[in-house]
Amino acid sequence: MSTPNLDLLEIAADAGFRRVVLDIEHNGYDADRREALVVAARGLGLAVCAKIEAPEPVWVQRAVDLGVDAVILPHVGRLAEAEAATAACKFPPLGTRSYAAGRSARFKAPDDDYFARQNREVLCLPMIETAEAFDDAEALLASPLVDGIFVGPFDLALTRGRATYGFVDGDRADIARLAGLAQAAGKPWWMPTWRPEEQAFVRDHGAAVRVVAAEHQLLSLGLKQVLDTLVY
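An unreviewed UniProt entry annotates the protein chain as Aldolase/citrate lyase family protein originating from Ponticoccus litoralis. As recorded by UniProt, the Sequence similarities (unreviewed entry) comment attached to the protein chain reads in full: "Belongs to the HpcH/HpaI aldolase family."

Put into structure tokens, the structure is as follows:
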């Protein structure tokens, strides 16, 4: 989702979608609308994932305090540069996340398993969208603070020296390598897949989640369909 559109969220849930990614990185979400989306998504039975502004602890903390199911960290480089942000996803002694007695705790005192349960269930997913992260992917996946990876194919292709992302041989080789590293680490990998051939490829390589529709894409397709079926 590119905008805080509650109608779209409800339509997506009714259509059978199971998970929503809030693309906070590239779009403006006021704090109250961000909170409303998380509450609505959970009420509709959707898992809700926040792709935050940057791999910085303050943005991680704000996302986990909302009660999201996963935090996706953009602009990650090498492991050492991302450790402060990934640590903010997890409570001590594993990480440095601070406890907030609010929505993430369901507005009540935490039970004995709350902190360990949050560490298990709230996923920390660095994006592999830079050449540095690609080179350090094995180390990132080995970190106990990291639960999996989210592949960003366009930026990855550009930083790996290709003119664009076209799902060409080099793109497929990079994705297959990351899939193999994730599987060797026993951790999931996610990827946006807009085309059927991408969806089939990442499915066959064991992707746990395929993000298959984007808000602006849906608007464009819907408007085009209206014009294509217009009776003159």
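Asker: Please explain helix α1 (residues 6-15) as it appears in this structure.
Answerer: At 3.6 residues per turn, the α-helix brings residues three or four places apart onto the same side. Here α1 has its buried residues at L8, L9 and A13. Angular distribution of buried residues about the axis of α1 spans 135°; they occupy a single face of the element. What points out from α1, more than 90 degrees from its buried face, is the exposed set D7, I11, D14 and A15. Residues of α1 that are buried in the fold lie against β1 (19-23), α2 (31-43) and α11 (215-228).

Asker: Explain the nonpolar core here, please?
Answerer: Proteins that are soluble and globular tend to have nonpolar side chains buried together. In this structure, L22 and W189 are the most contacted members of the largest nonpolar core, which totals 52 residues. Here this core takes five residues from helix α9 (residues 169-185), the largest share from any one element. Setting aside anything within four residues of it in sequence, one finds W189 in contact with I149, V151, I175, A179, A182, Q183, V202, H205, G206, A207, A208 and V209. In terms of nonpolar packing, the next biggest core, distinct from the first, is built from 10 residues, V21, C49, I72 and L125 among them.

Asker: Looking at this model, I keep getting lost on the side chain of E198. Mind explaining?
Answerer: Examined against the element boundaries, E198 turns out to sit in helix α10 (residues 196-204). Setting aside its immediate chain neighbours within four residues, E198 contacts Y165, F167, M191 and T193.

The rules we used
Residues numbered from 1 in each chain as written. Predicted model: local features only at pLDDT ≥ 70, side-chain atom pairs only at ≥ 80, totals over all residues. Heavy atoms only, no water. UniProt positions renumbered as here; feature names shortened; annotations may be inferred. Buried < 20%, exposed > 50% of the residue type's maximum accessible area, 1.4 Å probe, protein only. Helix = DSSP H or I, 4+ residues; strand = E, 2+ residues; numbered from the N terminus. Arc of directions from axis to C-beta. Contact = heavy atoms within 4.5 Å. Core = buried A, V, L, I, M, F, W, Y, C linked by side-chain atoms within 4.5 Å.

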